[in-house]
Amino acid sequence: MNVLLSSFVHWFNAEAAYAAAVGEVLRADGHRVWVLTRRGTYNGAALRARGLETLNDFPLWERDPRRVWRGIRDLAAFQARERIDVVDVFRAHETAWHLLAARGSARPRARVLRTRGSAQPLRGHWLNRKLYGQWCDGLIASSQGVRQEMLRTLRLPPEAVRTIYYPVDLPPVLPAERREAER
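Residues numbered from 1 in each chain as written. Predicted model: local features only at pLDDT ≥ 70, side-chain atom pairs only at ≥ 80, totals over all residues. Heavy atoms only, no water.

## As for the packing of helix α3 (residues 65-81) against helix α4 (residues 95-104)
Part 1: Taken N-terminus to C-terminus, the directions of α3 and α4 make an angle of 55 degrees; their axes are 8 Å apart at the nearest point. By the angle between their axes, α3 is oblique relative to α4. α4 is crossed by α3, and the crossing has right-handed handedness. Taking contact as the criterion, the partners of Val-68, Trp-69, Ile-72, Leu-75, Ala-76 and Gln-79 in α3 are, on α4, Trp-97, His-98, Leu-100, Ala-101, Ala-102 and Gly-104.
Part 2: Looking at the contact of α3 with α4 residue by residue, the class counts come to nine nonpolar, three polar and no charged. (Axes fitted to C-alpha atoms, helices over the stretch in contact; angles between N-to-C directions. Helix = DSSP H or I, 4+ residues; strand = E, 2+ residues; numbered from the N terminus. Parallel < 35°, antiparallel > 145°, perpendicular 65-115°, else oblique. Left-handed = near helix turned anticlockwise from the far one by under 90°. Contact = heavy atoms within 4.5 Å. Nonpolar A, V, L, I, M, F, W, Y, C, P; charged D, E, K, R; others polar.)

Written as structure tokens, this is what we have:
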């Protein structure tokens with residue numbers, strides 16, 4: 001599977017560490033993983049130090065809307081060219097960009113997941129209910145507390161949000177053949 005993780009932050013904070021851990025687990029499991037981050041950031045350096053492939057060529061945080069649209073178009077072209085299957089977005093600010101890019105790719109579009117780990121209150125306005133409840137293909141919470149807040153605030157059914165805890169100590173990842181033999 002080809003996976004694009006969106007960790008578009010300056011610092012290597014909790015969200016960035018969660019995205020890095022997900023990327024490491026997916027890569028160790030044999031998936032191709034790219035992590036979208038900002039150019040020249042500590043986050044990008046930390047991701048590369050972990051051996052993750054980073055992307056920072058998309059002008060998504062620009063003041064000029066034409067450059068942002070160009071960035072979304074280029075992101076859609078990247079998704080089509082690399083045959084991205086899943087995009088996992090770790091920050092709310094980038095969710096709309098990835099939804100637009102996924103819908104703009106020429107192949108069967110990538111599934112867009114939104115992982116929420118923030119303890120900040122979630123706003124239950126109509127746009128968030130659309131983004132999370134209808135337009136995203138899946139929702140992930142980093143804890144039961146975050147999951148419960150998403151369900152309550154966005155008025156979602158219990159099956160709409162899955163919890164994937166941040167791995168404090170990553171368990172060893174078994175090669176696919178050995179995993180199959182152990183089942």
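## Notes on a nonpolar patch on the surface
Part 1: The grouping of Trp-126, Leu-127 and Trp-135 at the surface amounts to a nonpolar patch, some 330 Å² of accessible area in total.
Part 2: By secondary structure assignment, the location of Trp-135 is in helix α5 (residues 126-135).
Part 3: Residue classification places Trp-135 among the partly exposed residues on the basis of a relative accessible area of 36%. (Patch = residues over 30% accessible without salt bridge, like charges linked within 9 Å, V, L, I, M, F, W, Y side chains within 5 Å. Areas by Shrake-Rupley, 256 points an atom, 1.4 Å probe, with all protein chains shown as cover. Salt bridge = Lys/Arg side-chain N within 4 Å of Asp/Glu carboxyl O. Buried < 20%, exposed > 50% of the residue type's maximum accessible area, 1.4 Å probe, protein only.)

## Here we look at unusual backbone geometry
Part 1: Of note in this structure, Arg-83 is not a glycine but carries a positive phi near 55 degrees.
Part 2: Relative to the helices and strands, Arg-83 is located in the loop between α3 and β4 (86-89).
Part 3: Even without being a glycine, Arg-155 presents a positive backbone phi close to 55 degrees.
Part 4: Position of Arg-155 among the secondary structure elements: in the loop between α6 (144-154) and β7 (161-163).

## Topic: the side chain of Ser-6
Part 1: Residue position: Ser-6 is located in strand β1 (residues 2-6).
Part 2: Sequence-distant contacts of Ser-6, defined by excluding residues within four places in its chain, comprise Leu-36, Asp-88, Val-89, Phe-90, Arg-91, Glu-94 and His-98.

## A word on the sheet that holds β1
Part 1: Strand order across the open sheet formed by seven strands is β3-β2-β1-β4-β5-β6-β7, with parallel pairing between neighbours. Bordering the open sheet on either side are β3 (53-55) and β7, each of which pairs with just one other strand. Each strand of the sheet is rotated relative to its neighbour by a mean of 25 degrees, with strand direction disregarded. (Pairing = 2+ DSSP bridges.)

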